[in-house]
There are 2 protein chains.
Amino acid sequence: MAIDRNILERITFDDQGLVPAIVQDVKTKEVLMLAYMNNEAIMTTLETKRGVYYSRSRQELWVKGSTSGNTQHVVGLSYDCDGDTILLQVEQTGVACHTGEKSCFFTNVIQAPKKQDVINELYALIRERKESM
Amino acid sequence: MAIDRNILERITFDDQGLVPAIVQDVKTKEVLMLAYMNNEAIMTTLETKRGVYYSRSRQELWVKGSTSGNTQHVVGLSYDCDGDTILLQVEQTGVACHTGEKSCFFTNVIQAPKKQDVINELYALIRERKESM
């Protein structure tokens, strides 16, 4: 697929030339992390399909997993209505967080109820089928 | 439940006193939007369980849905490993995006494959049960 380089014109970068990128596991839909991208990070991600960010602490391009092996294969990339946030959907190898947790968001202030989506959705499906018989 | 006011000490706000907040639909796990919170937005969200943000354009507290009716009931709140991003899990009334789309992330550069999770997970579950019989 040809890379749409026009994306850069539609993204609003902040005064540091960065845009926040939400990274989501495409399979589980868990939010894994938030990172920042600059021009080059976006283009490199589009070209290589690997999660590539800009490290604000090291002030350099950061290929996720290049040292840890916890790479990200990017299978989806979208941006929001005002073009100032990117959403990446990835296949995550290993864990996303440097602490060893799968997701960086492991500290809960309010604990969301555990999902039982498969069972609930299956139940809804069966009920729907039964009602339409 | 008592509100954990210590959360504010564990959050790293930027030089504007803000922290990005990812908002996710607790049921579908779709990422709905990214907004920004200040001290007051966080405390008001914890107290009211409504999605309350800081509008950078209007420079004021913004109770999501106060004019549109598209409110958010916050059922989960966590922060990431370095405390500089918040993740909210919400029950969204209506749509999250001011354009009328459910999610703000409706513009795809790379289109992620459509999920067939319910079927796949059900298949895996049935296969697992069969194998363990």
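Please refer to the structure placed before this passage.
Residues numbered from 1 in each chain as written. Chains lettered and ligands numbered in written order. Predicted model: local features only at pLDDT ≥ 70, side-chain atom pairs only at ≥ 80, totals over all residues. Heavy atoms only, no water.

K.L.:
Can you walk me through the interface of chain B and chain A in this structure?
P.N.:
The figure often quoted for interface size is the accessible area lost as the parts come together. Taken together, the contacts link 48 residues of chain B with 48 residues of chain A. Taken over both partners, the interface formed by chain B and chain A buries close to 3,900 Å², and the fraction arising from carbon and sulfur atoms is 70%. The three residues of chain B that bury the most area against chain A are Phe105(B), Val109(B) and Ile110(B), which together make up 18% of that side's buried surface. The tally of links from chain B across to chain A stands at two salt bridges. Asp84(B) is the partner of Arg56(A) in a salt bridge, and the nearest nitrogen-oxygen pair spans 3.1 Å. Taken together, chain B and chain A are joined by 12 residue pairs in polar contact (both at pLDDT 80 or more). Among the elements of the structure, strand S1 (19–25), strand S2 (31–37), strand S5 (72–79), strand S6 (86–92), strand S7 (107–110) and helix H3 (117–131) of chain B are those that each provide at least two residues to the side of chain B that touches chain A. The element contributing the most residues to the side of chain B that touches chain A is S5(B), with six residues. (Contact = heavy atoms within 4.5 Å. Buried area = accessible area lost by both parts, 1.4 Å probe. Salt bridge = Lys/Arg side-chain N within 4 Å of Asp/Glu carboxyl O. Polar contact = N/O pair within 3.5 Å; in protein donor to acceptor, adjacent residues only side chain to side chain. Helix = DSSP H or I, 4+ residues; strand = E, 2+ residues; numbered from the N terminus.)

K.L.:
What's the story with the relation of the copies chain B and chain A in this structure? I'm lost.
P.N.:
The two copies are related by a screw motion: chain B maps onto chain A through a turn of 180° and a shift of 0.1 Å along the axis, at an RMSD of 0.3 Å. Taken together, the turn and the small shift mark the pair as related by a two-fold rotation axis. The fraction of interface residues of chain B whose copies in chain A are also interface residues reaches 100%, indicating that both copies meet through the same surface. (Least-squares fit on C-alpha atoms with pLDDT ≥ 70 in both.)

K.L.:
Sorry, what's going on with the pairing of strand S2 (residues 31–37) of chain A here?
P.N.:
Looking along a regular strand, one sees the side chains alternate between the two faces of the sheet. Residue and element names in this part refer to chain A. For S2, the tally of buried residues reaches seven of seven residues, placing the bulk of the element in the interior. Pairing between strand S1 (residues 19–25) and S2: six bridges, direction antiparallel. If you follow Val-23 over to S2, its bridge partner there is Met-33. Counted along the chain from S1 to the antiparallel partner S2, the turn is five residues long, and its residue Lys-29 has a positive phi close to 65°. (Buried < 20%, exposed > 50% of the residue type's maximum accessible area, 1.4 Å probe, protein only. Pairing = 2+ DSSP bridges.)

K.L.:
Help me understand the sheet that holds strand S6 (residues 86–92) of chain A in this model?
P.N.:
Two orientations exist for strands paired in a sheet by backbone hydrogen bonds: parallel and antiparallel. Read from one edge to the other, the open sheet built from five strands follows the order S2(A)-S1(A)-S6(A)-S5(A)-S7(B), with strand pairing classed as mixed. Only two strands of the sheet have a single partner each, and these edge strands are S2 of chain A together with S7 of chain B. The sheet shows a mean angle of 30° between the axes of neighbouring strands, direction not considered. Across seven bridges, strand S5 (residues 72–79) of chain A lies against S6(A) in antiparallel orientation. Within the sheet, the bridge partner assigned to His73(A) lies in S6(A) and is Glu91(A). (Axes fitted to C-alpha atoms, helices over the stretch in contact; angles between N-to-C directions.)

K.L.:
Sorry if this is basic, but what is going on with unusual backbone geometry here?
P.N.:
Excluding glycine, residues mostly have negative phi values, and the peptide bonds linking residues are mostly trans. At Lys29(A), a position not held by glycine, the phi torsion is positive, near 65°. In this structure, Lys29(A) sits in the loop between S1 and S2. At Lys49(B), a position not held by glycine, the phi torsion is positive, near 60°. Within the secondary structure layout, Lys49(B) lies in the loop between helix H2 (39–48) and strand S3 (52–55). On the basis of relative accessible area, Lys49(B) is assigned to the partly exposed category, the value being 26%.

K.L.:
Before we go on, may I ask you to explain the sheet that holds S2(B) in this structure?
P.N.:
The five strands are arranged S7(A)-S5(B)-S6(B)-S1(B)-S2(B) in an open sheet whose pairing can be described as mixed. Two strands close off the open sheet at either side, each with one partner strand: strand S7 (107–110) of chain A together with S2 of chain B. With direction set aside, neighbouring strand axes in the sheet form an average angle of 30°.

K.L.:
Explain the side chain of Asn70(B) to me, please; I cannot follow it from the model alone.
P.N.:
Along the chain, the position of Asn70(B) falls in the loop between strand S4 (60–63) and S5. Apart from the residues within four sequence positions on either side, Asn70(B) is in contact with Lys64(B), Gly65(B), Gln92(B), Thr93(B), Gly94(B) and Val95(B).

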